[in-house]
Amino acid sequence: MGIFDYQVEDSLGRVIAVDTASVILKVENIEKLRSMQVNRLVALQSSRAGQHLIGMIQKIIRKSINAEALDSNEEELIYSEDNSVKVTLIGTFFDRYLEDSNVFRRTLETVPEIDSCCYPIDGAKLTSFMTAISFQSGGEEQALSLGSYTLDENAKAYLDANKFFQRHAVIVGSTGSGKSWTTAKLLEQVAALNNSNAILFDLHGEYKPLIDDGIKHFKIAGPGDIDFGKDIEDGVLNFPYWLLGYEDMLGMLVDRSDQNAPNQSMLLSRTVIDAKRKFLEDIGEGEVINSFTVDSPIPYNISEVLNKLTQLDTEMVEGSRGPKQGEFHGKLSRFIARLENKISDKRLAFMMNPPEVVSQWDWMNKLSNALLSGRNHQHDKKGGVKIIDLSEVPSDILPMVIGRIASLVFSLQQWTKKDDRHPIALLCDEAHLYIPEKQTVNLDTAQKSFERIVKEGRKYGVGLVIISQRPSELIKPF
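Chemist: So, the sheet that holds strand 15 (residues 236-237): which residues are in play, and what are the values?
Modeler: Read across the sheet, seven strands follow the order 12-20-19-13-18-14-15 without closing on themselves; strand pairing throughout is parallel. Strands at the two margins of the open sheet, each flanked by one partner only, are strand 12 (169-172) and strand 15. With two bridges joining them, strand 14 (residues 215-220) and strand 15 adopt parallel strand pairing. Residue pairing across strands places Ile-220 opposite Leu-237, the latter belonging to strand 15. Relative to the sheet, helix 13 (residues 398-415) contacts strand 13 (198-202), strand 14, strand 19 (424-429) and strand 20 (462-468), its axis offset from that of strand 19 by approximately 170 degrees.

This is how it looks when you write it as structure tokens:
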């Protein structure tokens, strides 16, 4: 049985004018007119049995008028009526659609007939309608509760979990409107789902109170964590320099205004490739040697890179009249100083001076499992929702770290066989801080990573949920 079992006396009014996507109602009962509100949902009789057309109230008119345009881009419909209501049609609700019951589709197969009745969707009917939408793709167990509707506090709001994570989504609102509360409420429910798999970037550590078997908390290592050698099994994530791409390293270490910047960039690439090759030779990974690049996530010893650069910067060679300065003598001094500062900076220890275990060949597998394993994954039977606390990451490299994690997740999903791929959602809290429209060198990695996820992520099971109080400042694809 359908959820819209209205009686004639429930009618708000009758249709007096019809256009391709809008209708005009005549409301006889002034009390019913007063009870109507803009943006409320209504159901209209369809010319086909077992169907109702769903509309949204766009305008309520109390006085007589001479003309009203249904749409500024379409022809005007002339009429003269009191107590009129304009309704925009948004879809069709089917009592039965193929083998499913109570199905909503954003299509209009018919339009209302003149004198068709219009009924309110409120209270229990609004809850039933929104519940039917939320349960369409997976049954009641896949519905996420959001709270109550502001227009009708007796109607509960639900979200279809499958649709929410199969598509990109946004959670937006002004400061204090409840974005963090909504996000936390969603995560608690997502964590209880059997196949949950999501990562939340927590910039301020505000989601620490979320405790559940389906939620696993990680934090990017702070100076104190490094001193005690903490790693993944301790809930601590290091993000070593060898996971950075070549462009990331250039952005951190090379001053592009320096006249020696081209030489510094070239030598950085050369020395890093040599250091990675040496590591692979030492562990006997000969097959990888023939295919790796400067961007490949292969451990290497950054001290060896520093020593080689220092050697080139101070090198003296034999000349026709005795020793002379080498080709790069003195041209790398500022570059080396920046690299030394980064290595010695305690705030960057999680990246530039991580524990020794991070440089082992199999550490990448541990990181991949920590990031991608869902609740029922073979490597981890709980903790499908991963909350990464980035509160101790310096703000100047925060976009790069988040962008590189997102890029790593995308790459792992891309290269995983389709049958073994477990869809994952990335929830980006305060997204305007690291993927804004403004283009800068420090933001380049995050912008490129998230642009690619927006365009190609769904193909590889990577969904994106943007959480922001300033959506107008986000980069254009959003």
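Chemist: Lay out the packing of helix 6 (residues 246-253) against helix 7 (residues 261-283) with the relevant residues and their values.
Modeler: Their axes nearest at 11 Å, the elements helix 6 and helix 7 cross at an angle of 135 degrees. What the angle tells us is that helix 6 and helix 7 run oblique. Every pair of crossing elements has a handedness; the one defined by helix 6 and helix 7 is right-handed. Two secondary-structure elements touch here, helix 6 through Tyr-246, Met-249 and Leu-250 and helix 7 through Ser-265, Met-266, Leu-268 and Ser-269. Tallied by class, the residues present in the contact of helix 6 with helix 7 amount to five nonpolar, two polar and no charged.

Chemist: Could you give an account of empty space enclosed by the protein, with specific residues and numbers?
Modeler: One pass over the structure, following the stated rule, counts one cavity of 30 Å³ or more. Estimates place the volume of the largest cavity at around 60 Å³. What lines the largest cavity is Tyr-241, Trp-242, Leu-244, Gly-245, Tyr-246, Met-249, Leu-268, Val-272, Lys-276, Val-294 and Tyr-300. Of all elements in the fold, only helix 6 and helix 7 reach the threshold of two or more residues within the lining of the largest cavity.

Chemist: Before we move on, can you summarise the packing of aromatic side chains with the specific residues and values?
Modeler: Taken as a whole and assessed by the stated rule, the structure comprises twelve aromatic pairs. When the centroid spacing of 4.4 Å and the interplanar angle of 5 degrees are considered together, the rings of Tyr-6 and Tyr-119 count as stacked. In this pair, Tyr-6 sits in the segment before strand 1 (13-18) while Tyr-119 sits in strand 9 (residues 117-120), placing the two residues 113 residues apart along the sequence. Across the pair, exposure class does not vary: Tyr-6 and Tyr-119 are buried alike. Ring centres of Phe-410 and Tyr-460 lie 5.6 Å apart, and the angle between their planes is 90 degrees; this geometry places the pair in the edge-to-face category. Of this pair, Phe-410 sits in helix 13 while Tyr-460 sits in the loop between helix 14 (444-456) and strand 20; the two residues are 50 residues apart in sequence, bridging distant segments of the chain. An aromatic cluster of three or more residues is present, and its members are Phe-4, Tyr-6, Phe-93, Phe-104, Tyr-119 and Phe-129. Looking at Arg-105, its charged tip hangs above the ring of Tyr-97, at a distance of 4.9 Å from the centre. In this structure, Lys-125 is placed above the aromatic ring of Tyr-6, and the distance from its NZ or CZ to the ring centre is 5.1 Å.

Chemist: Give me the layout of surface pockets: which residues, what numbers.
Modeler: Taken as a whole, the second largest pocket spans an internal volume of roughly 1,100 Å³. Around the second largest pocket, the lining comprises 31 residues; the ones closest to its centre are Met-130, Leu-146, Tyr-149, Tyr-158 and Leu-159. Contributing elements (two or more residues each) for the lining of the second largest pocket: strand 8 (100-105), helix 2 (123-134), strand 10 (143-148), strand 11 (156-160) and helix 3 (161-166). At five residues, helix 2 tops the list of elements feeding residues into the lining of the second largest pocket. Classifying every residue of the lining of the second largest pocket by side-chain character gives 17 nonpolar, seven polar and seven charged.

Chemist: Lay out the confidence of the model for the chain with the relevant residues and their values.
Modeler: For the chain, the average pLDDT comes to 86, and 91% of its residues sit at 70 or higher. Here residues 65-71 scores under 50 on pLDDT; set against residues more than four positions off or in separate chains, the count is 19 contacts. In this model, residues 73-80 is a region of pLDDT below 50 whose contacts with residues beyond four sequence positions or in other chains number 16 contacts.

Chemist: An account of the environment of Arg-470 is requested, with residue identities and associated values reported.
Modeler: Inspection of the secondary structure assignment puts Arg-470 in the segment after strand 20. Judged by its relative accessible area of 41%, Arg-470 is partly exposed. C-alpha of Arg-470 to C-alpha of Ala-431: the two residues are 39 residues apart in sequence and 8.6 Å apart in space.

Chemist: Can you explain the pairing of strand 19? Please cite residues and give values.
Modeler: Buried residues dominate strand 19, accounting for six of its six residues. Of the pairings in the sheet, the one linking strand 13 to strand 19 comprises four bridges and is parallel in character. Pairing of Phe-201 across the sheet is with Cys-428, part of strand 19.

Cut-offs used in this document
Counting from 1, residues in each chain are numbered in the order their sequence is written. This being a predicted model, a pLDDT of at least 70 is required before a residue's local features are given, and a value of 80 or more before pairs of side-chain atoms are given or counted; all residues contribute to the totals for chains, interfaces and linings. The side-chain quantities take in all heavy atoms of the structure and omit both hydrogens and water. A strand pair is defined by DSSP finding two or more bridges across the two strands. Note on conventions: DSSP H or I runs of at least 4 residues are helices, E runs of at least 2 residues are strands, and numbering of each starts at the N terminus. Should any heavy atoms of two residues lie within 4.5 Å, those residues are counted as being in contact. Lines fitted to C-alpha atoms define the axes, with helix axes restricted to the stretch in contact, and inter-axis angles between N-to-C directions lie between 0 and 180 degrees. Note on angle classes: values under 35 degrees are labelled roughly parallel, values over 145 roughly antiparallel, values of 65 to 115 roughly perpendicular, and the remainder oblique. Two helices that cross are described as forming a left-handed crossing if the nearer one is turned anticlockwise from the farther one by less than a right angle, and a right-handed crossing if clockwise. We call Asp, Glu, Lys and Arg charged. Ala, Val, Leu, Ile, Met, Phe, Trp, Tyr, Cys and Pro are nonpolar, and the rest, Gly among them, are polar. Both site types are read off a 1 Å grid over the protein atoms alone. A 1.4 Å probe that fits but cannot get out defines a cavity, while an open set with protein on both sides within 12 Å along at least five of seven lines defines a pocket; lining residues have an atom within 4 Å of a point. Grid points are joined across faces, edges and corners, and a volume is the space filled by probe spheres set on the points. Here the aromatic set is Phe, Tyr and Trp, taking the six-membered ring for Trp, and pairing holds for ring centres within 6.5 Å; pairs whose planes are under 30 degrees apart are stacked, those over 60 apart are edge-to-face, and all others are tilted. Residue exposure (1.4 Å probe, protein chains only): buried if accessible area is under 20% of the type maximum, exposed if over 50%, otherwise partly exposed. Comment: the charge-over-ring label is applied if NZ (Lys) or CZ (Arg) is within 6 Å of the ring centre and within 35 degrees of the ring normal. What pLDDT expresses is the predictor's confidence in each residue, scored from 0 to 100.

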